[in-house]
Structure formats: C-alpha cells, structure tokens
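Survey of secondary and tertiary structure
One-letter residues, chain by chain:
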Amino acid sequence: MHPIPPVLPAGAMGAGDQPELPLRSGFLLRPWCGTDADAEALADSCRDPGIRYWNRPEDLTSAAAREKIAQWGRRWRAEEAAVWAIAPPSGERPVGLVSLADVDLAGGSAEFVYWLLPAGRGHGVMAAAVARVSRWALDELGLHRLRITHSVGNKASCRVALQAGFPLEGTLRSALLHADGWHDEHLHARIHGDP
C-alpha cells in the first residue's frame, strides 16, 4: 500500500508573501500591519457587542492588538493561517477581518473566520471577501476544501456563506459554547471545482 501524498507540500503558502486581494467594490483585502489604525480597529472589534457575541474574542489593548497582528504574520509563515484586513476604498483603517484558520496543507483544507465592524456592514463586502479568498485558496493556492461554521442563530453569517457559494451541509449539535450556553452550528463547505 502506497502512502497518500500531501495535497500541498510544506512551503506552498508561507514561502511567499501573503497576497493583497482587491475586490470589485474598491475594498482591498490586505495583510494586517502594526499601524495605529490597524491596532485600533482590531481592539475596537473586541468591544463590539455583535462581534463579541458571535466570535468570542479576547479583550485587547492597542499594544496587545499589535502583538496579535505580529502573531498573524508568524502564523502565515508557519502556514497555519492567513488573516486579511478588509480595507475600504476611502481609507486605510480596516472595517473587518476575513481569514483562513486551521490551515492543513497536507490535508488540503481550511476554515473561514470573519467579522465586520459597523462601518463595514450593509455593503455586501463580506460575501465578496469570502468568495475572493475562496478563489485564491482553491484555484491559486490549491486547497481542496474550505468550510464555514457558525451558530444557527447567526443569520447574517449564514447569508454570507450562502452568497459566497458555500452550501449548507448540516448541523453540528451543541458544538460551540457562547455566553448564553451551547449553540448548534451550521456547517457550510466549498470544494475545488464547485461552480
């Protein structure tokens, strides 16, 4: 019996620079950097009630946010995650985050994490961002499967997943602990070759 080769070899992602990915709307997906604007946007996300409820972030000072951003750069090079800031056309202060976490190059998979600050909501930018990162991950990098999980109560996240081409595959029962108890989660996925 022959061993199954890795879907992608080590170095396929982290050997190069994390790309910038423009969106048709003029928004730009770019790596986070240690500027005041990036650190403040990340720290603000930890205080936003909606982001706190659905994503459970830790409280961050500006200094801790800078360290978190530096950690994301290290995670890119270690091929563990790819985290983009969603920057609006009108300025450099990010209005959101879209990332691939739990990157498994050998197994060919990763999971999305995303959120928007109030300034980024209502523009359809998140569905476009998830679709653009999906094209990069599946068509350019060469991953095979991407997944999104979210609380069944998070209707906005469900809309993003469906609009970005991630059909619902099922429900994970009592899968994530929130402040108000255990939540069932929807599982959405997109695989290489999906329309």
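These remarks concern the structure in this document. Every value quoted in this text rests on a predicted model; they were computed, and no experiment measured them. Here the residue numbers are simple positions, counted from 1 along each chain's written sequence. Two thresholds apply to this predicted model, a pLDDT of at least 70 for residue-level local features and 80 or more for giving and counting side-chain atom pairs, whereas whole-chain, interface and lining totals are computed over all residues. To get the side-chain values, all heavy atoms of the structure are used, and hydrogens and water are removed first.

A few words on the overall build of the chain. Runs of E in the DSSP output that reach at least two residues are strands. Runs of H or I that reach at least four are helices, and both are numbered from the N terminus. A tally of regular secondary structure across the chain gives five helices and eight strands. Ordered by position in the sequence, the α and β elements of the chain form the string β-β-α-α-α-β-β-β-α-β-α-β-β. Each radius of gyration reported is based on C-alpha atoms, and the globular scaling rule is 2.2 Å times the count of residues to the power 0.38. Taking 16 Å as the expected radius of gyration for a compact globule of 195 residues, we find that the chain reaches 16 Å, a close match to that expectation. On the principal axes, the C-alpha backbone points of the chain span a range of 55 × 40 × 30 Å. With a 1.4 Å probe rolled over the protein chains alone, any residue whose accessible area is under 20% of its type maximum counts as buried; one over 50% counts as exposed, and the rest are partly exposed. Considering the chain as a whole, with its 195 residues, one finds that 45% of them fall into the buried category. At a minimum sequence separation of 6, the contacts of the chain that also span at least 24 residues come to 61%. Calculation of accessible area relied on Shrake-Rupley with a 1.4 Å probe; when residues are assessed, cover is drawn exclusively from the protein chains displayed. Of the roughly 10000 Å² that the chain leaves accessible, carbon and sulfur atoms contribute 54%. Computing the positive centroid from 20 side-chain charges and the negative centroid from 23, the chain places the two 3 Å apart. It only takes one pair of heavy atoms within 4.5 Å for two residues to be counted as in contact. Think of it this way: Lys and Arg go in the positive column, Asp and Glu in the negative one, and His and the chain ends go nowhere. Charge coordinates come from a single atom per side chain, which is NZ of Lys, CZ of Arg, CG of Asp or CD of Glu.

Formed by 36 residues in total, the largest nonpolar core has its most connected members in Ile86, Val98, Leu100, Phe112 and Val130. Secondary-structure elements contributing two or more residues to this core are strand S3 (82-87), strand S4 (96-104), strand S5 (109-116), helix H4 (125-141), strand S6 (145-151) and helix H5 (155-163). Here this core takes ten residues from H4, the largest share from any one element. Aside from chain neighbours lying at most four places away, what touches Leu100 is Glu80, Ala81, Ala82, Ala110, Glu111, Phe112, Val133, Trp136, Ala137 and Leu146. If you look at the next biggest cluster of nonpolar residues, it comprises 16 residues, including Ala39, Leu42, Leu60 and Ala65. Note on terminology: a nonpolar core comprises buried Ala, Val, Leu, Ile, Met, Phe, Trp, Tyr and Cys residues joined through side-chain atoms within 4.5 Å.

We call a pair of cysteine sulfur atoms a disulfide when they lie within 2.5 Å. Enumeration according to the criterion identifies zero disulfides in this entry. The thiol of Cys46 is not disulfide-bonded; the next cysteine sulfur, from Cys33, is found 17 Å away.

What follows deals with unusual backbone geometry. When glycine is set aside, most residues are seen to have a negative phi, and most peptide bonds are trans. Positive phi values are uncommon outside glycine, yet Glu79 reaches one of about 65°. Mapped onto the fold, Glu79 is located in the loop between helix H3 (62-77) and S3. Although it is not a glycine, Asp102 sits at a positive phi angle of roughly 50°. Tracing the backbone through its elements, the reader meets Asp102 in strand S4. Residue classification places Asp102 among the partly exposed positions, given a relative accessible area of 47%.

Okay, the environment of Ala39 next. Looking at where Ala39 falls in the secondary structure, it is placed in helix H1 (residues 36-45). Contact partners of Ala39, with chain neighbours within four places excluded, come to Ser62, Ala65, Arg66 and Ile69.

Another point: the packing of aromatic side chains. The description of two aromatic rings rests on the distance between their centres and on the angle between their planes. The rule is short: rings of Phe, Tyr and Trp, with Trp giving its six-membered ring, pair when the centres are within 6.5 Å, and they are stacked under 30 degrees, edge-to-face over 60, tilted in between. Under the criterion given, the structure shown has six aromatic pairs. Between Trp32 and Trp115 the ring centres are 6.3 Å apart and the planes differ by 50°, which places this aromatic pair in the tilted class. In this pair, Trp32 is assigned in the loop between strand S2 (28-31) and H1 and Trp115 in strand S5, connecting sequence segments 83 residues apart. Judged on exposure class, the residue Trp32 and its partner Trp115 are both buried. Joined through ring pairs, the aromatic side chains of Trp32, Trp72 and Trp115 make up one cluster.

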